[in-house]
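Structural characterization, general
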Amino acid sequence: MAEREPAVLFEREPLRFLDEAFPAAGDAIWLPQRQLCLSDATASKNVLANGEGLYQDHSDFFRTRHGTFGPRPVQVRISRESRALLRTYLDARKDALEESVRRALVPGSEWPDAGNWLMYRHLAAALLSPDSPARLRQTVDAIVERAVLAGARERHSFLSRALFRFRVERELVRAVEQRRKRGTAEPADLLDVVVSAAGPEVAAEELAEVFLSFVFAAAGSVGFVLGWSVYLLGTNPPTDAEPAWVVKEALRLWPVAWLLGSRPAKRHEVAGVSVTPEDEVVVCPYAVQRNPRHWEDPSSFRPERWASVKNAQAFIPFGWGPHTCPAALLSMELVEDVLRLIVGGYRLTVTPRETRPHVTAALAPPRFALSLVSHRRDIPSMERR
Ligand code: HEM
């Protein structure tokens, strides 16, 4: 058999490439385009913590087409205020979650899209308060449909995507300008959080992109974690594991944010390899969380392992250090609450439609259909008839 070209294999099947390359290579492997990819937990956390200032400050969340949105105190303010707003919002809507779940679980629902829509619809009024213009809310619905759902981008031509991007930017910039004019005492939604944190010198285009990061996080990241949790429950032997363990095990095996890149500020060594400012050092939560030096039986779905793991040292699905996701805890709790409602009420059957995950900037589960047989007489089953 001809030898495979690593660059080609990584681009075609990145996860398979990592699964095959790491056992032979140790803690670090070079990817195409001068990216050094890490699977060691300590080295990875050192990079993300950046305690010695060996890397340029980075944040995937605040990266926009215009560069990194900043300065850092504004990022920090947005992170804190967004977490506080979401916490208050979710607490106030705790009782509405059951209805959101029931609405999403139509018979034979198609996933992971159903999980994205469930999370998006439950969080939509935190992204944009209900008194926002209908047209703006429809634009954000269209963003989820055309840019967040797994495989969404491939369903549209290059030209159609470019036109859509143009329309979205125009609509969001107009919304930012309107909010600026109106002014906000207390943020009513995440758009207010973004607009009120930055001064008038910051371009509306940049604020629009930061707001988009919230749409991707709420509908995409949270929805995919739910999708993975349901998929893993439905494709493994039945388990009595706590929903919290299932969510953590899903995040361990399939971290939605699977590559976190940092640019070295100067030449130094990481995991025994010399890197320069021309390289990129990429922390790979997927590889760290499947590293057999850190985890027993790392590729198996074993949610019960979390009964005894108290402070996992090699668990970084929300990053590490100063840029750790501010919504980590509340996102996990939200997915747990949804799972509890699904598993508590129904026996679930997953019918896979595909065998491979969707690997882009986010890691999404393969498509599957979900059938639910009710445990209770008063709740109808959700099977396709
Ligand atoms: C399960 C869902 C989520 C996952 C897996 C996730 C993952 C991450 C990761 C890995 C980072 C660090 C990125 C880096 O180091 O460059 C991050 C940062 C961030 N996330 Fe999340 N996230 C999720 C949900 C959310 C939600 C719902 C929000 C909305 C409040 C949010 C807001 C942020 C913000 C503001 C940052 C930037 C923090 C900073 O740079 O200081 N995330 N997220």
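What counts, and where the lines are drawn
- Residues numbered from 1 in each chain as written.
- Predicted model: local features only at pLDDT ≥ 70, side-chain atom pairs only at ≥ 80, totals over all residues.
- Heavy atoms only, no water.
- Pairing = 2+ DSSP bridges.
- Helix = DSSP H or I, 4+ residues; strand = E, 2+ residues; numbered from the N terminus.
- Axes fitted to C-alpha atoms, helices over the stretch in contact; angles between N-to-C directions.
- Contact = heavy atoms within 4.5 Å.
- Salt bridge = Lys/Arg side-chain N within 4 Å of Asp/Glu carboxyl O.
- Buried < 20%, exposed > 50% of the residue type's maximum accessible area, 1.4 Å probe, protein only.
- Parallel < 35°, antiparallel > 145°, perpendicular 65-115°, else oblique.
- Left-handed = near helix turned anticlockwise from the far one by under 90°.
- Donors = N, O, S within 2.8 Å, 3.2 Å for Na, K, Ca; no water.
- 1 Å grid on protein atoms, 1.4 Å probe; cavity = no way out; pocket = protein on both sides within 12 Å on 5 of 7 lines; lining within 4 Å.
- Points joined across faces, edges and corners; volume = space filled by probe spheres on them.
- Nonpolar A, V, L, I, M, F, W, Y, C, P; charged D, E, K, R; others polar.
- Near = heavy atom within 4 Å.
- Polar contact = N/O pair within 3.5 Å; in protein donor to acceptor, adjacent residues only side chain to side chain.
- Phe/Tyr/Trp six-rings, centres within 6.5 Å; stacked < 30°, edge-to-face > 60°.

- The name given to the protein in an unreviewed UniProt entry is Cytochrome P450, with Pyxidicoccus parkwayensis as the source organism.

Some details on the sheet that holds strand β2 (residues 35–38)
- Pairing in this open sheet of 4 strands is mixed, and the strands run β1-β2-β9-β6 from one edge to the other. Sheet topology places β1 (28–31) and β6 (260–262) at the edges, where each strand pairs with a single neighbour. The mean inter-strand angle of the sheet, taken between neighbouring strand axes irrespective of direction, is 30 degrees.
- As judged from the 4 bridges shared by β2 and strand β9 (residues 280–283), these two strands associate in the parallel manner. By the bridge assignment for β9, L38 is matched with V283.
- Against the sheet, helix α2 (residues 14–25) makes contact with β1 and β2, and its axis sits at roughly 135 degrees relative to β1, the strand it touches most.
- Packed on one face of the sheet, helix α3 (residues 41–49) meets β2, β6 and β9 and runs near 120 degrees to β9.

Describing the pattern of salt bridges
- Taken as a whole and judged by the stated rule, the model has 25 salt bridges.
- Linking E81 and R77 is a salt bridge whose minimum nitrogen-to-oxygen distance equals 3.1 Å. On the criterion of helical spacing, the pair formed by E81 and R77 is a turn pair, its members being 4 residues apart in helix α4 (residues 72–92).
- According to the relative accessible area criterion, R77 is partly exposed, its value standing at 36%.
- For D297, the salt bridge is made with R302, and the minimal N-O distance between the two is 3.6 Å.
- Judged by relative accessible area, which is 38%, D297 ranks as partly exposed.
- Residues participating in the shared-partner salt-bridge network are K94, E336, D337 and R340.

Quick word on the packing of helix α10 (residues 204–234) against helix α13 (residues 328–345)
- Where α10 contacts α13, the axes come no closer than 10 Å and their chain directions differ by 40 degrees. The angle between α10 and α13 places the two elements in the oblique class. Two packed elements cross with a definite hand, and for α10 against α13 that hand is right-handed. Residues V222, V225, L226, S229, V230 and L233 of α10 lie in contact with α13, whose contacting residues are S331, L334, V335, V338, L339, I342 and V343.

Quick look at the sheet that holds strand β10 (residues 346–352)
- Taken together, the 3 strands give an open sheet; going across it, the order is β5-β13-β10, and neighbouring strands pair in antiparallel fashion. In the strand order of this sheet, the two ends are held by β5 (109–111) and β10, each with one partner. The sheet shows a mean angle of 30 degrees between the axes of neighbouring strands, taken without regard to direction.
- In this structure, β10 lies alongside strand β13 (residues 368–374), joined through 7 bridges in antiparallel fashion. Among the inter-strand pairings, T349 is bridged to a residue of β13, identified as S371.
- This element, α10, spans β5, β10 and β13 of the sheet and lies at about 95 degrees to β10.

Some points on the coordination of the iron atom of the ligand
- Protein coordination of the iron atom of the ligand is limited to a single donor, C325 (SG), which sits 2.3 Å from the metal.
- Checked against the element boundaries, C325 lands in the loop between α12 (285–288) and α13.

What to know about the layout of surface pockets
- Here the second largest pocket is characterised by a volume of approximately 390 Å³.
- Lining the second largest pocket we find 19 residues, and of these K248, N311, A312, F315 and M332 sit closest to its centre.
- Of all the elements in the fold, those that place two or more residues in the lining of the second largest pocket are α11 (243–253) and α13.
- For the lining of the second largest pocket, the leading source of residues is α13, giving 3 residues.
- In terms of residue class, the lining of the second largest pocket is built from 12 nonpolar, 4 polar and 3 charged.

Side note on the site of the ligand
- Neighbouring the ligand are 24 residues, the closest being S59, D60, R72, H323 and C325.
- Within the side chain of H58, a nitrogen or oxygen atom sits 3.0 Å from an oxygen atom of the ligand.
- Within the contact set of the ligand, an oxygen atom lies 2.8 Å away from a backbone nitrogen or oxygen of D60.
- Looking at the shell around the ligand, the elements with two or more residues in it are α4 and α10.
- Residue contributions to the shell around the ligand peak at 5 residues, all from α10.
- Here the shell around the ligand is composed, by residue class, of 14 nonpolar, 8 polar and 2 charged.

Focus on the packing of aromatic side chains
- Following the criterion strictly, the structure yields 12 aromatic pairs and no others.
- Aromatic side chains F61 and F62 sit 5.1 Å apart centroid to centroid with 70 degrees between the ring planes, which places their arrangement in the edge-to-face category.
- The class for F61 is partly exposed, based on a relative accessible area of 27%.
- Look at F62 and you get buried, because its relative accessible area is 4%.
- Ring centres of W117 and Y120 lie 6.0 Å apart, and the angle between their planes is 65 degrees; on these two criteria the pair is classed as edge-to-face. Here W117 pairs with Y120, and both are found in helix α6 (residues 113–127), just 3 residues apart, close to one helical turn. Comparing W117 with Y120, the two get one shared label, buried.

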